[in-house]
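Architecture and fold: a report
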Amino acid sequence: KNIKATTKYAFISDSFFAILRYMRNLFLLLLLSKLPICLAAESAVNSTPVMQMIQQDYKQTIKPIFEKKCMDCHGTAQNLPWYYAIPGLHQLMDHHIKDAKRHGDYSSPFPFENAKNWSAEKQLEKIAGEIEEAEMPPLYYRITHLNAKLTKEEEIAIYSWTKKSGALLKKK
């Protein structure tokens, strides 16, 4: 009796798992079929003449500033200082870098990749706000990186770019 019962339930469980596999594959197929549409829509937004002009301004004027002053935390190429190896500081810096990239990874083209999925307009507003409040780079970073503070000219260039780009995006 036990052998027949086990075989009977094995057949039911095999059928059940076959149905689950079928449903999973169907779901994956549907999900993957929508992916090109999502990518095409994002690409279309980023390839408008207005966005191309904003991206060109970014590459010529803003990206060099960000590379010198912001990419240690907001980028992929990190120039980690000698004290990064000190326990405690290592974890603190890793936390700060992870948080910074959550707000924006400036190594990607504009609009930047960010975990908060902010629109281009929202990213520009946030950057302008940081300039207005003089919050970036943070004081604790500036203490150990004396040349990290933005100059007045760099602040003006970034702020002007955010305001000009934001106005262009609102027009379109």
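In what follows, the accompanying structure is described. (Residues numbered from 1 in each chain as written. Predicted model: local features only at pLDDT ≥ 70, side-chain atom pairs only at ≥ 80, totals over all residues. Heavy atoms only, no water.)

1. Brief notes about the overall build of the chain
This is how the line gets drawn: Helix and strand assignments follow DSSP, with helices taken as H or I runs no shorter than four residues and strands as E runs no shorter than two, numbered in order from the N terminus. Note on classification: 1.4 Å probe, protein chains only; a residue is buried when its accessible area is under 20% of the maximum for its type, exposed when over 50%, partly exposed between these limits. Accessibility throughout is a Shrake-Rupley quantity obtained with a 1.4 Å probe, and a residue counts as covered only by protein chains that appear here.
From N to C terminus, the chain includes 7 helices and 0 strands. In sequence order, the chain lays out its α and β elements as α-α-α-α-α-α-α. In the chain, which comprises 172 residues, the share counted as buried stands at 31%. Approximately 12,000 Å² of the chain is accessible, and the part contributed by carbon and sulfur atoms is 64%.

2. Topic: the side chain of Ser-165
Just so we agree on the cut-off: A contact between two residues is defined here by any heavy atoms of the two lying within 4.5 Å.
Position of Ser-165 relative to the elements: it lies in helix 7 (residues 152–171). Residue class for Ser-165 comes out buried when judged on its relative accessible area of 1%. The contacts of Ser-165, once residues within four sequence positions are left out, are Ile-54 and Leu-124.

3. A word on the environment of Gly-129
Note on placement: Gly-129 falls in helix 5 (residues 120–133). Along the primary structure Gly-129 and Thr-162 are separated by 33 residues, whereas in three dimensions their C-alpha atoms are 9.7 Å apart.

4. Thoughts on the packing of aromatic side chains
Inclusion rule: Any two of the Phe, Tyr and Trp rings considered here, Trp counted by its six-membered ring, make a pair once their centres fall within 6.5 Å; the pair's planes then place it as stacked at under 30 degrees, edge-to-face at over 60, or tilted in between.
One pass over the structure, following the stated rule, counts 8 aromatic pairs. With a centroid separation of 6.3 Å and an interplanar angle of 50°, the aromatic rings of Phe-66 and Phe-112 are classed as tilted. Linking Phe-66 in helix 2 (residues 49–69) with Phe-112 in the loop between helix 4 (89–103) and helix 5, this pair joins segments that are 46 residues apart in sequence. Both residues of the pair, Phe-66 and Phe-112, belong to the buried class. Within the aromatic cluster, the residues linked to one another by ring pairs are Tyr-58, Phe-66, Tyr-106, Phe-110, Phe-112 and Trp-161.

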